[in-house]
Amino acid sequence: MLYPIKVTDIELSHPLKDIEELEGYMRLQGLVRLHGVPIGYIQVPITNGYCRAEKIAKAILDHHNWKIIQTLLQNGLAASSKTDRLRLENLYDLPPTNYGGELPLVTVAVCTRDRASDLALCLDAIIKLDYPKLDILVIDNAPTSTATKELVSQYPQVRYSCEPRPGLDWARNRAIIEAKGEIIAYTDDDVVVDPGWVKALAQVFAENPEVMAVTGLVVPYELETEAQVLFEMQGGFGKGFDRKWYRANLHKKLSWWDLATGNYGTGANMAYRRNVFAQVGYFDPALDVGTVTNGAGDLEMFFRVIKEGHTLVYEPNAIVRHRHRREYEKLKKQLRGNGGVIAYFVRSTKFYPEETFSFFYLGLIWLVTYHLRRLLLSLIYPTLYPRDLILAELSGCLEGLGTYQKSSKNATQIALEHGDLPTIQDYLEKPVASGSTEIEIPSSYLSIPMAVRRVELTEPIRPITDLQDYAHVRIFPTWQHSSLGSFDVENLYQPISKSRLCELIASHMGVRLLETDLEDFNVDISWARATTWIEQHYKPTQLENLSTDTRLPDHISVSIVVATYDRPDDLSKCLSSLISQETSRKVEIIVVDNHPASGLTPPALKQFSDVILVKESRQGVAYARNAGIVESTGNIVVTIDDDVTMAPTWLENLISPFARPDVMAVTGNVLPRELNTDSQRLFEQYGSGGLSRGFNRWEANSFVFEHSWFYSVPTWELGGTANAAFRAKIFNNPEIGLEDEALGPGMPSGVGEDIYAFYKILKAGYTIIYQPSAVVWHKHRTTMKALRRQLFNYSKGIISYHLTTFLHDGDWRGLIAAVFGLPMWQLKRIKERFQRRCPHPIPMILLEFWGNLSGPWSLWISRQRVKRQGKSTPYVAVAQRFSDKSDEVKILSLKGK
């Protein structure tokens, strides 16, 4: 699991700069904004404690080209006058147009209970809001001390009100009574609001009189702990970066997807016209935090607003930052509380029985496609998201079937003890529902009356208000009275505001707005021109503080482990290449003799006096490498075979990706040293390139691990430990550890120790990079007999690998690959051989097929051997082994030429 992750804002109207002082973070997550408008997220790797501006720019361009263009076009359309076609280069410095009318008084209501330290951070942000007409109210819900009241007294601009009835919805209702504003904006005490939060909410209400509720974007305040990253991994509270409108016809049955109000927003960022409560009523005090339902008071109110014919808008410009639960157990408890959604279902079917079937269907869909699907996937393979959190959320939902009835009785008892709230209609004027027009809606879409409106873009854009008789409108944007196209809007008898109209035109017309000659309009050419301008604007030459220095710092030491078995000549050539490496860092070379009884290896080391010799008599390359790793002292451990050679720049090329803290392994390219024999040439055609994995750099991470529920993790595409490097700390990580002794050459299982190590690294959520510039030259088998033996071992090993992921990690994809995938692949190769599209002869393919069949038995024999011979000695971090490494560690310092 990659954490902590640095969270920051990236404002595109300012020059992009390097982001520094990121030591200790695994990744950067940036909220990209343009003049304050949220565009989307980017995730950028951290290198040597910073993120370079050019990498930030590239990530933005790769993911958010269209959103940036759309936002610029929208700002341009909203400008008061346009004498020429919109040009992106003229729009970059143009901010969004503010609403020019009168803004309403807004009451910001913070409901809290015994969390004074959280509330202080919340209030510090609220008093800095950029809004002229503000009323700040803190509702202290059933406090057990005076800490909240004393804190609020330190903020003269903040009002205090105590609500003795315990429960979040009781506190929300108290805010309705105490509010002075026409608008009530609710947030939580564990939230830090953006300075423009209230203004974004208020502008929606001011410009759209029919809107009765607005929700906003919730982004993470921090992602410092595993629990916070896990919560955000499942979506967090965010609902996207596009404005959304929700409304329905009054007294009409809703579709089942309209009832999924969790898609509308969340209670940490929601606002209402105060008078809407005169029609829809108070929040239900039997729901949400402080009751046995533990949630969904906000979702139930969203439903009521829509059901009663009003409009709700999701406005992503209204941003708050939520401080997710830092502790794992608190996250688990929070997810269990999501069962309040079911309590909302139960409550709504009681008061709106006509929606019973839709709620039942929604609940069934949610159970199957969300809860059971995630649970099933976690049973098929080890997902990064823990199964106990999935089970906690599922069990909470099942409990939610009975919690509303109990909570309703508790709320009644509380009302009897403390008295009920005053009748809401006594002090609030009842609004007219925006969807209350009594018009019979035809069953056929073609028979629905549709308005037709033209919007001349050379003139100031104005709202379309004369739509009270139409549920749909077709809009024709024109430029100098020539039509640019058309699009349809479902307005449900409501006007279309200026800002919404600009957004719709920019979204539907897109790059057509940039063209002067529509007769020869080509969308691909226009799109290419637009994206080229965006890319030119963010060219690295325009950025500040640029540097391409991503070299691993010199203080990072390296241990090179060479496992050998009676090949002194090859070993000498390998060591000669190693000692010629051009590097200024501390390096140690460890040779592990996997057959010390022969006495062949020590003589080969006489000319290499600084090389460390380790003896491991238990046969098997995993045993040998583990013995070398246990003795190593480097921050990075490199593994190579004894039959490879390399250029002087190989080591620095191989280890350079470790400048990124999320990288735990790097593999390099393995190319043939010679192709003199038939066996060498045939092996080079094996798997479309022998041991090489190509000449393009690429990386694998948890997305590769979870790419499919059916296909196994293709770790064999990453390379092998004939040319690999690992961050040493993974070897004492309980999720990864040393190589599996039952796998690899020298054991009956054949191979697989390297790809299983890669599997465990990806499973733990880390990154592996394939670095093709780090080349070693491998001596392929020179005889057909040796090649057949090698391929037979490969075939046993791949089955052993798949079965190990199944038996040890519970990954059913490995079993599927072993039982179905590989046999089908071999049959396909036989077919291709008859079609002359496969270079391998049929006897060789049959040999590999026999190796596949031998894999399970070979793995069992290997496991039995490990039981007899014992596991490798565990790896202990260097800091724990030596108090003074300078006296204990033998280091070979290699100076570059």
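Starting afresh in each chain, residues are numbered from 1 along the sequence in its written order. Local features are withheld for residues below a pLDDT of 70 in this predicted model, meaning they are given only at 70 or higher, and side-chain atom pairs are given and counted only at 80 or more; totals for whole chains, interfaces and linings count all residues. The side-chain quantities take in all heavy atoms of the structure and omit both hydrogens and water.

Visitor: Could you give me a rundown of unusual backbone geometry, with the residues and numbers involved?
Guide: In this structure, Pro-4 follows Tyr-3 across a cis peptide bond, with omega equal to 0 degrees. To qualify as a helix, a DSSP run of H or I must reach at least 4 residues; to qualify as a strand, a run of E must reach at least 2; elements of each kind are numbered from the N terminus. By the secondary structure assignment, Pro-4 is in the segment before β1 (5-11). In this structure, Asn-48 is a non-glycine residue whose phi angle is positive, near 55 degrees. Mapped onto the fold, Asn-48 is located in the loop between β3 (37-45) and α1 (53-78).

Visitor: Which residues make up the pairing of strand β12 (residues 311-322), and what are the values?
Guide: Three labels apply to residues, based on accessible area from a 1.4 Å probe with only protein chains included: buried if under 20% of the type maximum, exposed if over 50%, partly exposed otherwise in between. Counting buried residues along β12, 11 of its 12 residues qualify, which places the element largely inside the surrounding structure. In the sheet, strand β8 (residues 191-193) pairs with β12 via three bridges, with the strands oriented antiparallel. Its bridge partner being in β12, Val-192 is matched across the sheet by Arg-321. Between any two strands, at least two bridges found by DSSP are needed for them to pair. Alignment of strand β9 (residues 211-220) against β12, held across nine bridges, turns out to be parallel. Bridge pairing links Val-214 to Val-313 in β12. The pairing of strand β10 (residues 244-247) with β12 spans four bridges and is antiparallel. Bridge pairing in β12 links Trp-245 to Val-313.

Visitor: Account for the pairing of strand β22 (residues 663-672), naming residues and giving values.
Guide: Across the 10 residues that make up β22, a large majority, 10, are buried. When β22 meets strand β24 (residues 723-727), the two strands line up antiparallel, connected through three bridges. Considered in β24, the bridge of Ala-665 is made with Phe-726.

Visitor: Kindly report on the confidence of the model for the protein chain, identifying the contributing residues and their values.
Guide: Low-pLDDT portions of the prediction should not be read for the details of their coordinates. pLDDT measures how confident the predictor is about each residue, on a scale from 0 to 100. When pLDDT is averaged along the protein chain, the result is 91; 94% of the residues meet or exceed 70. Per-residue pLDDT stays below 50 along residues 435-445; that stretch engages in 18 contacts with residues further than four places along the chain or on separate chains. In this description, contact between two residues means that some pair of their heavy atoms is separated by no more than 4.5 Å. Overall, residues 542-548 carries pLDDT values under 50, and its contacts beyond four positions in sequence, including any with other chains, amount to 20 contacts.

Visitor: Describe helix α15 (residues 523-537), and please don't skip the residues or the numbers.
Guide: Along an α-helix, a turn takes 3.6 residues, which lines up residues three or four apart on a common side. The span you would expect from a helix comes to 1.5 Å times its residue count less one. For α15, built from 15 residues, the straight-helix expectation of 21 Å at 1.5 Å per residue is met to within 8% by its first-to-last C-alpha distance of 21 Å. In this structure, the buried side of α15 is in contact with α1 and α2 (88-91).

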